[in-house]
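# Architecture at a glance
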Amino acid sequence: MRARILVVDDQPDIVLALENRITWMGHEPLTAGDGKEALRIIQTEQPDLVLLDIQLPVFSGVEVLQQI
């Protein structure tokens, strides 16, 4: 089963590494660089899994988690 996995982190090198690994594993990566963008993607794309950094600009990871 191909999962849609959202990676939320403000460090581009971490996002790229996870995105590459997720693709290599046969899944579809989605990415966001801050909490606000993550919430928008969660609403519109409904990912199967979210890998969420705690320290993010705009909304923290904890604030995003509370809104999910």
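The element strand 1 (residues 4-8) is largely enclosed, with a buried count of 4 among its 5 residues. Bridging between strand 1 and strand 2 (residues 28-32) involves 5 bridges; their strand directions are parallel. Of the residues in strand 2, the one forming a bridge with V8 is A32. As for the winding sense of the linkage, the β-α-β connection from strand 1 through helix 1 (residues 12-24) to strand 2 is right-handed. Bridge analysis of strand 1 against strand 3 (residues 49-52) gives 4 bridges, and the strand direction is parallel. By the bridge assignment for strand 3, I5 is matched with L49.

Calculation criteria
Counting starts from 1 at the beginning of each chain's written sequence and moves along it residue by residue. Local features in a predicted model are, by the rule used here, given only for residues with pLDDT of at least 70; side-chain atom pairs are given and counted only at 80 or more, and totals for whole chains, interfaces and linings are based on all residues. Excluding hydrogens and water, the side-chain values take into account all heavy atoms of the structure. Partly exposed residues are those whose accessible area sits between 20% and 50% of the maximum for their type, while under 20% is buried and over 50% is exposed, using a 1.4 Å probe and protein chains only. The numbering of helices and of strands both runs from the N terminus, where a helix is a DSSP run of H or I of at least 4 residues and a strand a run of E of at least 2. A strand pair is defined by DSSP finding two or more bridges across the two strands. Place the viewer so that the strands point away; then a crossover is right-handed whenever the path from the first strand over the helix to the second strand goes clockwise.

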